[in-house]
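Observations on the model geometry
Given next are the chains, with one letter for each unit.
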Amino acid sequence: MHEIHELINHWYHANARTLPWREPGASGWAVMVSEFMLQQTPVVRVLPVWEQWMQRWPRPQDLAAEPVSEAIRAWGRLGYPRRAMRLHAAAVEITTEHNGMVPRTEEQLRALPGVGDYTAAAIACFAFDKPTVVVDTNIRRVQARLFGGAALPEPSPRASEFARARQVQPEDHEAAVTWNISVMELGALVCTARSPKCSQCPVFAHCAWVAAGQPAPHYTPKGQAWHGTDRQVRGAIMAVLRAGEQAVDPAVFLADLAMQQDPVFTPLQKLDAPLQQRQRALSGLLADGLAASGDEGIVLPS
DNA sequence: AATTCGTGGGA
DNA sequence: TTCCCAAGAAT
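Residues numbered from 1 in each chain as written. Chains lettered and ligands numbered in written order. Predicted model: local features only at pLDDT ≥ 70, side-chain atom pairs only at ≥ 80, totals over all residues. Heavy atoms only, no water.

**With respect to the packing of helix α13 (residues 230–243) against helix α16 (residues 275–288)**
As a reminder, the rule being used: Helix axes are fitted only over the stretch in contact, all axes being lines through C-alpha atoms; the angle between N-to-C directions runs from 0 to 180 degrees. For the purposes of this entry, the term helix denotes a DSSP run of H or I that reaches at least four residues, the term strand denotes a run of E that reaches at least two, and both are numbered from the N terminus. The cut-offs work like this: below 35 degrees is roughly parallel, past 145 is roughly antiparallel, 65 to 115 is roughly perpendicular, and the gaps in between are oblique. A clockwise turn of the near helix away from the far one marks a right-handed crossing, whereas an anticlockwise turn of less than a right angle marks a left-handed crossing. What makes two residues a contact is simply this: any of their non-hydrogen atoms within 4.5 Å. Under the scheme applied here, ten amino acids are nonpolar (Ala, Val, Leu, Ile, Met, Phe, Trp, Tyr, Cys and Pro), four are charged (Asp, Glu, Lys and Arg), and all others, including Gly, are polar.
Across the interface, α13 lies against α16 with an axial gap of 9 Å and an inter-helix angle of 65°. It follows that α13 is roughly perpendicular to α16 by the angle criterion. Pair α13 / α16 crosses with right-handed handedness. Facing α13, whose interface residues are D230, V233, R234, I237 and M238, α16 presents Q277, R278, R280, A281, L282, G284, L285 and D288. Among the residues making up the contact of α13 with α16, the classes are represented as six nonpolar, two polar and five charged.

**Quick word on the packing of aromatic side chains**
So the rule is basically this: Two rings from Phe, Tyr or Trp (for Trp, the six-membered ring) form a pair when their centres sit within 6.5 Å of each other. Planes less than 30 degrees apart are called stacked, planes more than 60 degrees apart edge-to-face, and all others tilted. For every residue, the accessible area obtained with a 1.4 Å probe (protein chains only) is divided by the maximum for its type, and the residue is called buried under 20%, exposed over 50%, and partly exposed between those limits.
Here the structure, examined in full by the defined rule, presents three aromatic pairs. Measuring from ring centre to ring centre gives 4.7 Å for W53 and W57, while their planes differ by 75°; the resulting arrangement is edge-to-face. Here W53 and W57 have matching classes, each one buried. Where W53 meets W75, the ring centres are 5.8 Å apart and the plane angle is 80°; that geometry is what we call edge-to-face. Taken together, the residues span a long stretch of sequence, with W53 in helix α3 (residues 43–56) and W75 in helix α5 (residues 68–75) at a distance of 22 residues. Here W75 falls in the buried class, since its relative accessible area comes to 1%. Among the aromatic residues, those joined into a cluster by ring pairs are W53, W57 and W75.

**As for the nonpolar core**
Operational definition: The definition of a nonpolar core used throughout is a set of buried Ala, Val, Leu, Ile, Met, Phe, Trp, Tyr and Cys residues joined through side-chain atoms within 4.5 Å.
Membership of the largest hydrophobic core comes to 59 residues, with the highest contact counts inside it found for W29, M32 and W53. Among the elements of the structure, α2 (28–38), α3, α5, α6 (82–97), α8 (117–128), α13, α14 (250–254) and α16 are those that each provide at least two residues to this core. In terms of residue count, α2 provides more of this core than any other element does, seven residues in total. In contact with W29, other than residues within four places in its own chain, are W53, M54, W57, P58, R59, P60, L63, L87, A91 and V102. One finds I139, V168, I181 and W209 within the second-largest nonpolar core, a separate group that totals 26 residues.

**Brief notes about the side chain of E35**
Put simply, the rule is: Counted as positive: Lys and Arg. Counted as negative: Asp and Glu. His and the chain ends are not counted at all. The working definition used for a salt bridge is a side-chain nitrogen of Lys or Arg within 4 Å of a carboxyl oxygen of Asp or Glu.
Among the secondary structure elements, E35 is positioned in helix α2. Among buried charged residues, E35 stands out as having no salt bridge; its nearest opposite-charge side chain is R22, 7.9 Å away. Apart from residues no more than four positions distant in its own chain, E35 is found in contact with Y118, T119, A122, I123 and F126.

Structure (structure tokens):
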């Protein structure tokens with residue numbers, strides 16, 4: 001095990017990507033913002049948005065001083081805009097409850113909106129050098145192969161995976177901190193979900209999956225439906241709200257009106273969704289706080 | 001515990 | 001073109 005630790009940590013030092021939130025001077029807030037944006041979103045798409053975000057709101061209190069609508073707009077097309085809402089709420093909480101300082105312990109981080117087990121462990125480790133047990137989709141996949149001999153991890157995270165992750169963690173504090181990011185990076189760059197680059201793997205000779213002859217997955221991942229879903233409609237509505245400067249008449253969202261020539265409405269015009277679904281999607285957004293009812297129509301929440 | 005929640009690039 | 005899926009969280 002000790003040899004595997006050294007091989008992967010050494011591989012990381014030689015092959016890690018240069019990312020702004022990994023720079024030595026990166027603040028806890030910088031890491032936290034990156035972790036929110038990286039939840040289910042690839043690095044390459046996060047990079048430009050993160051840069052703008054940090055430029056505009058270099059501290060939690062800078063974001064907290066603005067309405068949620070600004071956070072949702074600045075989130076752009078990263079997807080899952082509720083993350084922008086939660087990041088803003090977390091910034092407010094940090095400002096009011098933590099004196100503007102991003103908490104350093106997993107427990108305090110975990111209590112913030114939008115921070116689950118993974119994100120709490122990740123921030124504590126990457127920003128504050130705590131030897132936490134970080135378990136993300138990359139780490140789950142690497143460990144499923146390397147130690148479990150399986151092609152893929154279980155469809156959803158299990159307690160046994162967390163237990164194994166803790167079990168294989170280096171004892172040394174500094175080695176453990178590096179291990180978290182190293183295994184994650186290995187999963188992102190080499191031990192990928194589709195067509196892993198085993199020829200480049202530093203622990204090829206130790207891999208249980210390779211030793212087993214690289215068996216196929218014992219299940220087939222179920223795809224994520226998109227066309228015709230409420231999410232698609234919600235996305236179109238949010239795109240209109242983000243792009244527009246003023247309130248939008250609810251009727252515009254709910255009916256196939258001959259909408260203005262304004263290109264702002266093209267996401268809706270390209271939509272082929274029945275009235276009932278539009279209604280449901282809009283209601284959902286209002287209920288989630290991603291949209292609000294203003295005097296003159298639907299607006300981003302203030 | 002199973003679902004829901006955006007988006008877009010690559011295979 | 002269609003399908004996969006990417007540093008998850010909340011319910």
